[in-house]
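# Descriptive structure summary
Listed here are the chains, written in short residue letters.
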Amino acid sequence: MSLTAGIVGLPNVGKSTLFNAITKKHILAENYPFATIDPNVGVVTVPDERIDKLNEMYHPERLIPTAYEFTDIAGLVKGASKGEGLGNKFLSHIRETDAICEVVRCFDGGKIIHVDGSIDPIRDIETINLELAISDLDIINNRLEKVAKKARTTKNKDDLKEVELLEKAKENLEKDIPLRLVDFSDEDKLILKNYSFLTIKPIIYLANVSEDELGEDDNEYVKKVKEYAAKENAPVVTLCAKVEEELSELEDEDKEEMLNALGIEASGLDKLIKATYDLLGLATYFTVGKDEVRAWTFKKGMNAKKCAGIIHTDFEKGFIKAEVTSYEDLVKYGSELKVKEAGKQRLEGKDYLMQDGDICLFRFNV
């Protein structure tokens, strides 16, 4: 289960600089709109101290952490949903992502020119969110034109349900309510999933501050962003895109030294990944051995059989049992053998709800 996020924001808010940090690919990041005019996809490994410890214990031939995929699109401007500034073309690139990361400029000064001539994070957020909503409304209106008349004529139950949901979505969007805040049932969400609506995706706001403000109390811009985000229960991660880019060039030891000098415990990217995992309700289980130690991402609440299917569909189809050891027990006792001797290894059936940190060996037969 790969994790994907789309990075959006106005031009010159630090999106491309942050993307450089994520991928260490030095894409064009100049001081003018639309510096990023091709969609860029970058993959970063998810930091997890547990997989480093498992690597020390097993010395495997391959170590495979979980990955986080970012899609960076051109800076959006007012009218993007109608094609202004090439925005409409690029909105399509984030429709398949799991979450949206919205970069907001929260610093004054410097040579970087704001596209609107002044710094106002709430205005910027509302501009972006309006464009996402308009893009969703266009999809809804186009679909309603096709299905509403048919539903009224045929009285088909599925068509009528679809029309009902689309009209509910439209009504809320026209009231400036993003679809992620609308009360849809799980069944409703399955139907709406086919549309890949942008405003139904969970959102994280990235408050981009200056280097001097890292590790300090929130400035007035960040406070405003947090107040806005709190109204929709959205997380806010404060970072400095320029510092993230510098950190990405360092070895682990030097990176730790720089973080200490800045007075911060973790990089903005690490905080972003943790926030996204929490927001999406994700967790990690592991498979271990001399040939490979690997981390697998799953959604909390998934059972052992479904989690086996993340590795391969045959594992799910022919699932028999799962041998499960907790990461904490493995570290405590020092080896799988000693975990068994202590009676801490378990055989779990298909309905066992997988826990974060479980180490699994799946038994299956196809």
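Presented here is an overview of the structure given in this document. (Residues numbered from 1 in each chain as written. Predicted model: local features only at pLDDT ≥ 70, side-chain atom pairs only at ≥ 80, totals over all residues. Heavy atoms only, no water.)

### Comments concerning the packing of helix α4 (residues 121–154) against helix α5 (residues 157–173)
One can describe the packing of α4 onto α5 by two numbers: an axis separation of 9 Å at closest approach and a directional angle of 150°. The handedness of the crossing between α4 and α5 is left-handed. Within the contact between the two elements, α4 uses Ala133, Asp136, Leu137, Ile140, Asn141, Arg143, Leu144, Val147, Ala148, Lys150, Ala151 and Thr154 and α5 uses Asp159, Leu160, Glu162, Val163, Leu166, Glu167, Ala169, Lys170 and Leu173. Per-class residue counts for the contact of α4 with α5 are twelve nonpolar, two polar and seven charged. (Axes fitted to C-alpha atoms, helices over the stretch in contact; angles between N-to-C directions. Helix = DSSP H or I, 4+ residues; strand = E, 2+ residues; numbered from the N terminus. Left-handed = near helix turned anticlockwise from the far one by under 90°. Contact = heavy atoms within 4.5 Å. Nonpolar A, V, L, I, M, F, W, Y, C, P; charged D, E, K, R; others polar.)

### Concerning the packing of α4 against helix α7 (residues 220–230)
Following both chains from N to C, one finds α4 and α7 inclined at 40°, their axes separated by 9 Å at the closest point. Taken as axis vectors, α4 and α7 run oblique relative to one another. Mapping the contact onto sequence places Pro121, Ile122, Ile125, Glu126 and Asn129 in α4 and Tyr221, Lys224, Val225 and Tyr228 in α7. (Parallel < 35°, antiparallel > 145°, perpendicular 65-115°, else oblique.)

### A look at the pairing of strand β7 (residues 236–239)
Both strand β6 (residues 203–208) and β7 contribute to a ladder of four bridges, which runs parallel. Bridge assignment links Asn208 to a residue of β7, and that residue is Leu239. Each parallel crossover has a hand, and the one from β6 via α7 to β7 is right-handed. (Pairing = 2+ DSSP bridges. Right-handed = clockwise from strand over helix to strand, strands pointing away.)

### Focus on the environment of Asn40
By the element assignment, Asn40 lies in strand β2 (residues 40–45). Of the residues examined, Asn40 reaches a relative accessible area of 18% and is grouped as buried. Residues Asn40 and Phe70, spaced 30 residues apart in sequence, show a C-alpha to C-alpha distance of 8.0 Å. (Buried < 20%, exposed > 50% of the residue type's maximum accessible area, 1.4 Å probe, protein only.)

### Some thoughts on the sheet that holds strand β4 (residues 67–72)
Ordered by their spatial adjacency, six strands build an open sheet running β2-β4-β1-β5-β6-β7, and the pairing between neighbours is mixed. Edge positions in the sheet fall to β2 and β7, since each has one partner strand and no second. Adjacent strand axes in the sheet meet at a mean angle of 25° when their direction is disregarded. Inspection of the sheet shows strand β1 (residues 3–8) paired to strand β5 (residues 99–105) by four bridges, in the parallel sense. Directly across from Ile7, in β5, lies its bridge partner Cys101. Against the sheet, helix α1 (residues 15–23) engages β1, β2, β4, β5, β6 and β7, with an angle of about 45° to β2. Along the sheet face, α4 touches β1, β5 and β6 and points at about 145° away from the line of β5.

### As for the side chain of Glu292
You can see Glu292 is positioned in strand β9 (residues 292–299). Side chain to side chain, Glu292 and Arg62 meet in a polar contact 3.2 Å long. (Polar contact = N/O pair within 3.5 Å; in protein donor to acceptor, adjacent residues only side chain to side chain.)

### So, the nonpolar core
Formed by 57 residues in total, the largest nonpolar core has its most connected members in Tyr68, Phe70, Cys106, Tyr205, Leu206 and Leu272. No other element matches helix α10 (residues 268–280), which puts six residues into this core. Excluding residues that lie within four positions of it along the chain, Cys106 makes contacts with Pro121, Ala207, Asn208, Val209, Glu213, Asn219, Tyr221, Val222 and Val225. Counting 18 residues, the second-largest nonpolar core is a separate cluster that includes Ala133, Ile140, Ala151 and Ala169. (Core = buried A, V, L, I, M, F, W, Y, C linked by side-chain atoms within 4.5 Å.)

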